[in-house]
Amino acid sequence: MKSKTSFINKTMLQKNVKLYWPIWTLYTIVLLLNGPFSMWSRFKSAEFIYGTNWHKYMLDIMSPAISMEADMIFIFVMALVTGMAMFSYLYNSRACNMIHAMPVTRRQLFSTNVLTGLLFMWIPQIVKYIMSFVICISYGNTKVVHIGINLLATMGISFFMYSLVCLCAMITGQLVSVAVMYAVVNLLYGGAVIAIANVLTYVSYGLPYMEFVKKISVTWFAPMLQLLNRIGFHPTMKKAGDDYYCIKYTFRGTNTIVVYVIAAAVIYFISY
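Quick caveat, the model's predicted, so the values are computed rather than measured.

Right, let's get into the overall build of the chain. Counting secondary structure elements, the chain contains 13 helices and two strands. With 272 residues in all, the chain has 42% of them scored as buried. If you take every contact in the chain between residues at least 6 apart in sequence, the share linking residues at least 24 apart comes to 74%.

Structure below.
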């Protein structure tokens, strides 16, 4: 017998998409401009910049499509904006009473808002992947596995970042507080570590700043800083005369993403 219990309310999902479509549309445009369109512009001018042997610079040209630093900053902002939009009704008594008067449970509302937020981030990332893949293939670059890795990494990071926003939304009583708490969770610890390390380097003459950071920093408690520091593509360069070009990219940070994805699942459960 088919279960009548559902964690997702299709009506609310459709309402969220229709009401907040500018958010994911803008995010899609930003990703396309920063990634595939930037890469396409490089391919268009490759022969002018690199000469007739521009094909050996293929991996250098595709770098905008796999820039993890830019992707993580966009995700950091997008997760917050989306989460604040999805749960904004909680901080308006009239809207909250109206929605809770509908034939939908609070658990369904939460699950639907989580799914909507993730779709708002994941679908633009998939579109970016498809566009980047097509552009690379059209210019003869078959080394596109890095683009797929970038997609999986950004989806995993989005899953974690959005979980933090959902948790902040569940335990705060004001919309602005969601943004403040989210920023504090991601940046305050790391900022405190950097400030302390700077002070200690002045007090202890001759000892390098980074040595203090390594000793006192437990950056797992500063997720954004941890992700920026540990995740990315490391290029292997080869010399060609007076120039260098990339011959291979090595992705680092897989274990970090796995840890944060597991942590996100726990955070979603607590929020639920």
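Further remarks concern empty space enclosed by the protein. Inspection of the entire model under this criterion finds one cavity of 30 Å³ or more. By volume, the largest cavity is sized at about 50 Å³. What lines the largest cavity is Y27, L31, D71, I75, Q125, K128, N150, L151 and T154. At three residues, helix 9 (residues 145-171) tops the list of elements feeding residues into the lining of the largest cavity. When the residues that make up the lining of the largest cavity are grouped by side-chain class, the tally is four nonpolar, three polar and two charged.

What follows deals with the packing of helix 2 (residues 21-34) against helix 6 (residues 68-86). Here helix 2 crosses helix 6 at 175°, and the two axes come no closer than 11 Å. With respect to each other, helix 2 and helix 6 are oriented roughly antiparallel. In this structure, helix 2 uses I23, W24, Y27, V30, L31 and N34 to contact helix 6, whose residues at the interface are A70, D71, F74, I75, M78, V81, T82 and A85. Grouping the constituent residues of the contact of helix 2 with helix 6 by class yields 11 nonpolar, two polar and one charged.

Time to look at the nonpolar core. Residues M62, M68, I157, M161, Y162, Y182 and I231 are the most contacted members of the largest nonpolar core, which totals 59 residues. Tallying contributions element by element places helix 9 first for this core, with 11 residues. If we ignore the near neighbours within four places in the chain, the residues touching I231 are M68, M72, I157, F251, R252, G253, T256 and I257. Counting five residues, the second-largest nonpolar core is a separate cluster that includes M12, Y89, V104 and L109.

In this structure, the second largest pocket spans a volume of roughly 150 Å³. Considering the residues around the second largest pocket, the lining is formed by I23, L26, Y27, V30, F74, V77, M78 and V81. At the level of secondary structure, the elements contributing two or more residues to the lining of the second largest pocket comprise helix 2 and helix 6. Taken together, the residues of the lining of the second largest pocket break down into eight nonpolar, no polar and no charged.

About the criteria used
Chains are numbered independently. Their residues run from 1 in the order of the written sequence. With the structure being a predicted model, the display of local features is reserved for residues of pLDDT at least 70 and the display and counting of side-chain atom pairs for 80 or more, all residues being used for whole-chain, interface and lining totals. As a rule here, side-chain values come from all non-hydrogen atoms in the structure, and water together with hydrogens is ignored. By the criteria applied, helices consist of DSSP H or I runs no shorter than four residues and strands consist of E runs no shorter than two, each listed in order from the N terminus. Between buried and exposed lies partly exposed: a residue is buried under 20% and exposed over 50% of the maximum accessible area for its type, with that area taken using a 1.4 Å probe on protein chains only. The criterion used for residue contact is that any of the two residues' heavy atoms lie within 4.5 Å. We place a 1 Å grid over just the protein atoms. Points where a 1.4 Å probe fits but has no way out form a cavity, open points with protein on both sides within 12 Å along at least 5 of 7 lines form a pocket, and any residue with an atom within 4 Å of a point lines it. Grid points are joined across faces, edges and corners, and a volume is the space filled by probe spheres set on the points. Under the scheme applied, nonpolar residues are Ala, Val, Leu, Ile, Met, Phe, Trp, Tyr, Cys and Pro; charged residues are Asp, Glu, Lys and Arg; polar residues are all the others, including Gly. To obtain each axis, a line is fitted to C-alpha atoms, and for helices this fit is confined to the stretch in contact; angles are then taken between N-to-C directions over 0 to 180 degrees. Here the word oblique covers every angle except those under 35 degrees (roughly parallel), over 145 (roughly antiparallel) and from 65 to 115 (roughly perpendicular). Here, the term nonpolar core denotes a set of buried Ala, Val, Leu, Ile, Met, Phe, Trp, Tyr and Cys residues that are joined through side-chain atoms within 4.5 Å.

Function cannot be inferred from these measures alone, as they are strictly geometric.
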